[in-house]
Amino acid sequence: AQKVTQAQTEISVVEKEDVTLDCVYETRDTTYYLFWYKQPPSGELVFLIRRNSFDEQNEISGRYSWNFQKSTSSFNFTITASQVVDSAVYFCALSEKATGNQFYFGTGTSLTVIP
Amino acid sequence: EPEVTQTPSHQVTQMGQEVILRCVPISNHLYFYWYRQILGQKVEFLVSFYNNEISEKSEIFDDQFSVERPDGSNFTLKIRSTKLEDSAMYFCASSQGRLNTEAFFGQGTRLTVV
């Protein structure tokens, strides 16, 4: 079974639109961490955010915001006023206390921002 | 800003040959990892390394793979006899701690087995 599901394979938006990338996770561990990484066309993985299972407070960082809801096992990522530079593949990942720091990645969502 | 560096950025090798992928983790980090991403697919965990030994490994990390920290700075992944299906992007990562810190990833080495 998939531990991290990103149901949206590809999304296209027009510049300045808001876009939300969905992430649903599955774990039996009570202590876990959730992450978002960005993979631009150049291929590297860029860390965006980490959230632990005890902190459900939503976070905003500039145009980025994250909505963590344990009740629905979701950790969604919203980009406000998207820009062409936001075009990338975005990965949600899970790390469980039981399995150490091994990351379980979702299949990624490819975001294209059209100018 | 400190970063994880990987060399080479692209490696082409013939099937059956041995390859060594190199990584220099962030200097004060204690945990090191290798991940693999087959083209267009998700990133998959291979192995984690701490205190000079493997701490966790996945099913993918079979006997053809090995890791080593030969000195105080490098962390290597060796594939003994490459197969076509080993073609992928290989990411090295490092973190300070085991649970409560994020992993910083290198830019990746694209391995092409022909």
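A short tour of the structure in this document, coming up. (Residues numbered from 1 in each chain as written. Chains lettered and ligands numbered in written order. Predicted model: local features only at pLDDT ≥ 70, side-chain atom pairs only at ≥ 80, totals over all residues. Heavy atoms only, no water.)

## Describing the interface of chain B and chain A
The line we're drawing: Contacts are assigned to residue pairs with any non-hydrogen atoms lying within 4.5 Å of each other. Buried area: the sum, over both parts, of the accessible surface (1.4 Å probe) that disappears when the two are put together. What makes a salt bridge here is a side-chain nitrogen of Lys or Arg within 4 Å of a carboxyl oxygen of Asp or Glu, nothing more. Under the rule applied, a polar contact is a pair of N or O atoms within 3.5 Å (in protein, one hydrogen donor and one hydrogen acceptor; residues adjacent in sequence only if both atoms are side-chain atoms). Labels follow the DSSP assignment, with helices taken as runs of H or I lasting at least four residues and strands as runs of E lasting at least two, numbered in each case from the N terminus. Gly falls in the polar group here, along with every residue not listed as nonpolar (Ala, Val, Leu, Ile, Met, Phe, Trp, Tyr, Cys, Pro) or charged (Asp, Glu, Lys, Arg).
Each partner contributes residues to the interface: chain B has 21 residues there, and chain A has 21 residues. For the pair chain B and chain A, the summed buried surface comes to about 1800 Å²; carbon and sulfur atoms form 56% of the total. Where chain B touches chain A, the interface holds 0 salt bridges. Taken together, chain B and chain A are joined by 3 residue pairs in polar contact (both at pLDDT 80 or more). At the level of elements, strand 4 (31-37), strand 5 (43-50) and strand 9 (88-95) of chain B are the ones that each hand at least two residues to the side of chain B that touches chain A. A breakdown of the residues in the side of chain B that touches chain A according to their chemical character gives 9 nonpolar, 8 polar and 4 charged.

## Looking at the pairing of strand 5 of chain B
For a regular strand, side-chain orientation follows a simple rule: the groups alternate between the two sheet faces. Residues and elements named next belong to chain B. Here is the rule: Exposure is judged per residue with a 1.4 Å probe applied to protein chains only, and the accessible area is read against the type maximum: over 50% gives exposed, under 20% gives buried, and values in between give partly exposed. Between any two strands, pairing holds if DSSP finds at least two bridges.
Taking burial as the measure, the 8 residues of strand 5 include 6 buried ones, the bulk of the element. Between strand 4 and strand 5, which pair antiparallel and follow one another directly, the connecting turn spans 5 residues, one of which, Gly40, has a positive phi of 80°. Summarising the sheet, strand 5 and strand 6 (residues 53-57) pair through 4 bridges and their orientation is antiparallel. Counted as the bridge partner of Phe49 is Ile54 from strand 6. Count of turn residues in the strand 5/strand 6 antiparallel hairpin: 2 residues, of which Asn51 carries a positive phi of about 55°.

## Details of the pattern of salt bridges
Evaluation of the coordinates by the stated rule reveals 5 salt bridges over all chains. The partner of Arg51(A) in a salt bridge is Asp55(A), with the nearest N and O atoms 3.5 Å apart. Across the salt bridge formed by Arg36(B) and Glu44(B), the nearest N and O atoms sit 3.5 Å from each other. Since its relative accessible area comes to 10%, Arg36(B) is described here as buried. The partly exposed category is assigned to Glu44(B), whose relative accessible area is 22%. A single network of salt bridges, built from pairs that share partners, joins Arg51(A), Asp55(A) and Glu59(A).

No statement about biological role is implied by the geometric values presented.
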